[in-house]
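Chain by chain, the residues:
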Amino acid sequence: MTERRRPNPIQWLWYALGGRLPEEHREWVLHDVTAKTWIWRHAARAAVLLLPLMLVWLLLPGPLTLRLSLVLMAGLVGFFYSLVYSEESCENRLRKHGYPYGTGRAMRRAAKDKAEQDVRERYIARYRQVE
């Protein structure tokens, strides 16, 4: 397996906005969308898109309570839809970087199955010992 090369901050910002990274970051993209923290990473990318809009809405003229309500509701709706379609978004990121559609989902499923198998084996070893 090749070395995962992390993008610099400008490249990461481009990636968060939906851009494609250079080929040297291909393994890092796979790690980004299949790591244990993949959903948190996705939320951080969504925040990069939503926070500037929320800041603009906060600076609109009008009563502060109205502006705060607008920002809160827009943020909730934005994060909701972003998280609802997080798997599809990650799969499209992988597809942009040359992986077949479904790679991320399959890798996350395999990691989850392995972790569950480890837990099951530890449980059996501890509580189901045959005498």
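Basis of the calculations
- Residue numbers restart at each chain and count upward from 1, following the sequence in its written direction.
- Under the rules for a predicted model, residues below a pLDDT of 70 receive no local features and side-chain atom pairs below 80 are neither given nor counted, while totals for whole chains, interfaces and linings still include all residues.
- In computing side-chain properties, one takes all heavy atoms of the structure into account and sets aside hydrogens as well as water.
- Only DSSP runs of H or I with at least four residues qualify as helices, and only runs of E with at least two residues qualify as strands; both kinds are numbered from the N terminus onward.
- Computation of the radius of gyration draws on C-alpha atoms alone. For the globule rule, the value is 2.2 Å times the number of residues to the power 0.38.
- When accessible area is computed with a 1.4 Å probe and restricted to protein chains, residues below 20% of their type maximum are described as buried, those above 50% as exposed, and intermediate ones as partly exposed.
- Under the convention used throughout, the expected extent of a helix is 1.5 Å for every residue step, that is, one less than its residue count.
- Directions are taken from the helix axis to each C-beta atom, and the arc is the one they span.
- We call two residues contacting when some pair of their heavy atoms lies within 4.5 Å.
- Note on terminology: a nonpolar core comprises buried Ala, Val, Leu, Ile, Met, Phe, Trp, Tyr and Cys residues joined through side-chain atoms within 4.5 Å.
- UniProt positions are given in the numbering used here, feature names are shortened, and annotations may be inferred rather than shown by experiment.
- Patch definition: residues with relative accessible area over 30% and no salt bridge; like charges joined within 9 Å; nonpolar side chains (Val, Leu, Ile, Met, Phe, Trp, Tyr) joined within 5 Å.
- Working definition of accessibility: Shrake-Rupley area with a 1.4 Å probe, residue cover restricted to the visible protein chains.
- A pairing counts as a salt bridge when a side-chain nitrogen of Lys or Arg comes within 4 Å of a carboxyl oxygen of Asp or Glu.
- By convention, a stacked pair of Phe, Tyr or Trp rings (six-membered ring in the case of Trp) has centres within 6.5 Å and planes under 30 degrees apart, an edge-to-face pair has planes over 60 apart, and any other such pair is tilted.
- By definition, being over a ring means that NZ of Lys or CZ of Arg is both within 6 Å of the ring centre and within 35 degrees of the ring normal.

I tried to follow the overall build of the protein on my own but got confused; where do I start?
Of the regular secondary structure elements, the protein holds six helices and zero strands. Going from N to C terminus, the protein has its helices and strands arranged as α-α-α-α-α-α. By the compact-globule yardstick of 14 Å for 131 residues, the protein is too spread out, its C-alpha radius of gyration being 20 Å. Dimensions of the protein along its principal axes, counting C-alpha atoms only, are 75 × 40 × 25 Å. For the protein, the proportion of its 131 residues judged to be buried stands at 29%.

Explain helix H4 (residues 64–84) to me, please; I cannot follow it from the model alone.
In this model, H4 (21 residues) spans 30 Å end to end at C-alpha, consistent with the 30 Å of a helix rising 1.5 Å per residue. Considered for burial, the residues of H4 that qualify are Arg67, Val71, Ala74, Gly75, Gly78 and Ser82. The buried residues of H4 all sit within an arc of 105° when viewed along its axis, so they share a single face. Of the exposed residues in H4, the ones pointing more than 90 degrees away from its buried face are Thr65, Leu66, Leu72, Met73, Leu76 and Phe80. Considering only its buried residues, H4 is in contact with helix H3 (38–58) and helix H5 (86–96).

For this particular structure, what's the right way to read the nonpolar core?
Most often, soluble globular proteins keep nonpolar side chains buried together rather than apart. Formed by Tyr15, Leu21, Trp28, Val29, Leu30, Val33, Trp38, Cys90, Leu94 and Tyr99, the largest nonpolar core amounts to ten residues. Looking at this core, the elements with two or more residues in it are helix H2 (26–34) and H5. Residue contributions to this core peak at four residues, all from H2. Apart from the residues within four sequence positions on either side, Tyr99 is in contact with Arg26, Glu27, Leu30 and Leu94.

Please clarify how the UniProt feature "transmembrane region" (unreviewed entry) in the protein should be interpreted in this entry.
UniProt tags residues 43–60 and 66–86 as "transmembrane region" (unreviewed entry). Along residues 43–60, the helical share is 89% and the strand share 0%, with 25 Å between the first and last C-alpha atoms. Summarising residues 66–86: 95% helix, 0% strand, and an end-to-end C-alpha distance of 30 Å.

Whenever I open this one, the side chain of Ser82 confuses me. Can you help?
With respect to the element layout, Ser82 can be found in helix H4. Sequence-distant contacts of Ser82, that is, excluding residues within four places in its chain, are made with His42 and Ala46.

In this structure, what is going on with a nonpolar patch on the surface? I would like to understand it.
Nonpolar side chains collect at one region of the surface, where Val77, Phe80, Tyr81, Val84 and Tyr85 lie side by side and expose about 520 Å² of accessible area between them. Here Val77 is to be found in helix H4.

Any chance you could explain the side chain of Arg108 here in plain terms?
Relative to the elements of secondary structure, Arg108 occurs in helix H6 (residues 103–127). Those residues in contact with Arg108 that lie beyond four places of it in its chain are Val33, Thr34, Trp38, Glu87, Cys90 and Glu91.

Quick question: what am I supposed to make of the packing of aromatic side chains here?
To describe a pair of aromatic rings, you give the distance between the ring centres and the angle between the ring planes. Scanning all chains against the criterion turns up three aromatic pairs. Taken together, a centroid distance of 5.3 Å and an interplanar angle of 70° make the contact between Tyr15 and Trp28 edge-to-face. Taken together, the residues Tyr15 in helix H1 (residues 9–16) and Trp28 in helix H2 connect sequence positions 13 residues apart. With respect to class, Tyr15 is no different from Trp28; both count as buried. Note that Arg26 overlies the ring of Tyr99, its terminal NZ or CZ placed 3.9 Å from the centroid. In this structure, Arg93 is placed above the aromatic ring of Tyr15, and the distance from its NZ or CZ to the ring centre is 4.7 Å.

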